[in-house]
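Read off the chains here:
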Amino acid sequence: MRRCRPEEIALKSFFLGPQSENAEWLQKVINDILSDWFTWRQRIYPRDGFAISKSDQEVKDYVECRKTFEDNVKRLSKWLENEVPQFSPRYMGHMFSEISLPALLGHIVTLLHNPNNISSEASRVGVRIENEAISSLAKMAGYDPSARGHFTSGGTIANFEALIRAKTRLEKWQQSALSESKKLTLFEASHSGWQKQLSSFEKRWTNAYDFTRSLEEFFNIKYRGPVLLVSSNRHYSWDKGLSLMGLGEESLWPVELNRFGRMSLQDLEKKIERAHQEQRPILMVCSILGATERGSIDDIHFISDALEKWARRGIHIWHHVDAAYGGFLRTLAQNSDSLAPDRLKAIESLPRANSLTLDPHKLGYVPYSCGAFLTKNEIEYASIQVQAPYIDFRPENDRGPQTLEGSRPASGAAATWMAAQCMGFDADGYGQIISRTLRATTRLEELLKQTDSKIKVLPHRDANILCFCIARDGETISKSNLQTMEVFRRFSPDQNSQFIVSKTSLRWNIYREYLDHWTSEWHAKVDCEELKIIRLCMMNPFYDSREMKIDFSAEFAKQLLSLIKDQAVVEKCSQACLRLAHLKSERG
Ligand SMILES: Cc1ncc(COP(=O)(O)O)c(C=O)c1O
């Protein structure tokens, strides 16, 4: 039998395995956890006596209640057996996969104690675990371990945390310009830096409308508010965030994508200049490490260079990196051959950003819900200052006054802490697991390219998200879309299929340069606004496990080939295409 290398075998202890191979060991550990939980309760106030006696437990009503309870647990458990089998390498859909055992156990142990990390009054241990877990994430990201941050329910809230802080900083700087004798423009005032300003967030304007009027009077302009500059292929949480802050759609200035499908540096510079000319302060520039659709990695190094150039001119612009998906790619070795050297350079520049979103519940293999928000500097972390008479907030530990969320679990922090302790957020730990997924992605990519010329693999893949569409050379995009959607239907979670994929559509108004370049290579006839693609998030650590009976990549390629060769499918798509053409001609 083919065997994996010893260091790879060690990694196998971190997962249950596609066939529950580590079940016996896990069962024992979970039993031990439960025993510890029981004895902890018994030990802490031992003289209090029992509330539930043996005879209580024999009363008919009690027994019936318990029976109902057991039946419902079984029902729930059975019901969940219909859940999407994300643990299997056959699942290649969205940004989730198998979870790691250290993270799962950290989550379970902490759930049993149920701490609320709103304050150390409510969570004596949980807040300390959160401090340590945030330090591990900070170190992974390249920040000083003293960087500030907290766990959130996910990337969406972490992005909101960045928005509110960037907005507060901007307003703070504007506010201090109002009391300065030196006359700056509104744009200059909004980006003027901390050094000569009030050094904290403690004073705030109480009414946004009054504040706007003061700015308008002082700067003698009509103030339309700040703008957010973010890659056009942003996650939709950014639109939600701006709406939540009452800034509206107009204040989101999407930065165009270049021919590689990454943020265009040229367009970024152009938009900064335009904001400068129009006196629209820049709330933040947000670049993306691992974009939702294709996993693309923006040129964080060049974007940082550009913003640092502005900073030397006295214009300090907040740079946030939405690394919800790709943050853990920073565990790869600096000379790793699993990523292109220029993408490694981009990732290396992560610590140059003011703040980061990281999602341990994506490439961190941690159970939901677990996101994290980090700032490089303490001063930029503390944005909201509130008090609650019924909570004893301790400034050195407690994040309650500063987090958007109120009650927060410690389970995500503990799961991340366990993952950091047991697996390590470095090249020997997570780096190895993620390298495996990247190698598996490259292999499947090669295989798909060789399988059939109709399988068109999207170029310039940056991470472990592989995309393709089904198209013949010279064919219309609408025909290609029909075929691709048929493939999605066959490999969708609703079909209980042998493999599960996800899909998306790339719109020409967002990906123009990228799509024009690529589709012209196969002489596509562009007759619609979007290209449908199949999207494979290749996160599972077991794609290329040598001991398994199945070669997942080869099997997927084989099934895909038989589907696209299936005459019935080809016929169905051609007919749908004819109907579409007919409808179009009827409409003139
Ligand atoms: C780049 C990016 N940012 C933010 C998010 C939002 O994360 P969540 O779903 O955890 O709120 C996602 C989710 O896929 C994402 O891909």
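If you're wondering where the values come from, they're calculated on a predicted model, not measured in any experiment. For every chain, the first residue of the written sequence is number 1, and numbering continues from 1 onward in sequence order. In keeping with the predicted nature of the model, local features appear solely for residues at pLDDT of at least 70, side-chain atom pairs appear and are counted solely at 80 or more, and the whole-chain, interface and lining totals rest on all residues. The basis for the side-chain values is all heavy atoms of the structure; hydrogens and waters are excluded.

**Student:** How should I be thinking about the overall build of the protein chain in this particular structure?
**Tutor:** Along the protein chain, the regular secondary structure elements total 19 helices and 12 strands. Relative to its length of 588 residues, the protein chain is compact, with a C-alpha radius of gyration of 27 Å against a globular reference of 25 Å. Counting only C-alpha atoms and orienting by the principal axes, one finds that the protein chain spans roughly 85 × 75 × 50 Å. Two residues form a contact once any of their heavy atoms are found within 4.5 Å. Within the protein chain, contacts between residues at least 6 apart in sequence are counted, and of these 75% link residues at least 24 apart. What sets the accessible areas is the Shrake-Rupley method with a 1.4 Å probe; for residues, cover comes only from the shown protein chains. Of the roughly 28,500 Å² that the protein chain leaves accessible, carbon and sulfur atoms contribute 52%. Just so you know, the count uses Lys and Arg for positive and Asp and Glu for negative, and it drops His and the chain ends. A single reference atom marks each charge: NZ on Lys, CZ on Arg, CG on Asp, CD on Glu. In the protein chain, 78 positive and 75 negative side-chain charges are present, and the distance between their average locations comes to 2 Å. In this description a helix means any DSSP run of H or I spanning at least four residues, a strand means any run of E spanning at least two, and both kinds are numbered starting from the N terminus. For the radius of gyration, the atom set is restricted to C-alpha positions; the globular benchmark scales as 2.2 Å times the number of residues to the power 0.38.

**Student:** Can you help me understand the environment of Lys 28 in this one?
**Tutor:** By the secondary structure assignment, Lys 28 is in helix H2 (residues 23-44). What qualifies as a polar contact is a pair of N or O atoms within 3.5 Å, subject to a donor-acceptor requirement within protein and to the restriction that residues adjacent in sequence count only when both atoms come from side chains. One polar contact links Lys 28 to Asp 32, side chain to side chain, over a distance of 2.8 Å.

**Student:** Can you walk me through helix H16 (residues 477-490) in this structure?
**Tutor:** Helical geometry note: an α-helix holds 3.6 residues per turn, so side chains three or four residues apart project in the same direction. Each residue after the first adds 1.5 Å to the expected span of a helix. For H16, spanning 14 residues, the distance from its first C-alpha to its last is 20 Å, which sits close to the expected 20 Å at 1.5 Å a residue. Summary of the burial criterion: residues with accessible area below 20% of their type's maximum are buried, those above 50% are exposed, and those between are partly exposed, where the area comes from a 1.4 Å probe applied to protein chains only. Within H16, 10 of the 14 residues are buried, which leaves it mostly tucked inside the rest of the structure. Among all positions of H16, only Ile 477, Ser 478, Lys 479, Ser 480, Asn 481, Gln 483, Thr 484, Glu 486, Val 487 and Phe 488 are buried.

**Student:** It is not clear to me how the sheet that holds strand E10 (residues 465-470) should be interpreted in this structure. Could you clarify?
**Tutor:** Across a sheet, paired strands are connected by hydrogen bonds in the backbone, their directions being either parallel or antiparallel. The five strands lie next to each other as E1-E11-E12-E10-E9, forming an open sheet whose pairing is mixed. Because the sheet does not close on itself, it has two edges, and the strands there are strand E1 (91-92) and strand E9 (455-457). Axis lines are fitted to C-alpha atoms, over the contacting stretch for helices. Their N-to-C directions set the angle, which ranges from 0 to 180 degrees. Sitting on the sheet, H16 is in contact with E10, strand E11 (500-507) and strand E12 (530-537), with an inclination near 30° to E12. Where helix H17 (residues 508-521) meets the sheet, it contacts E9, E10, E11 and E12, and its direction lies at approximately 100° from that of E11. A pair of strands is considered paired only if DSSP assigns at least 2 bridges between the two.

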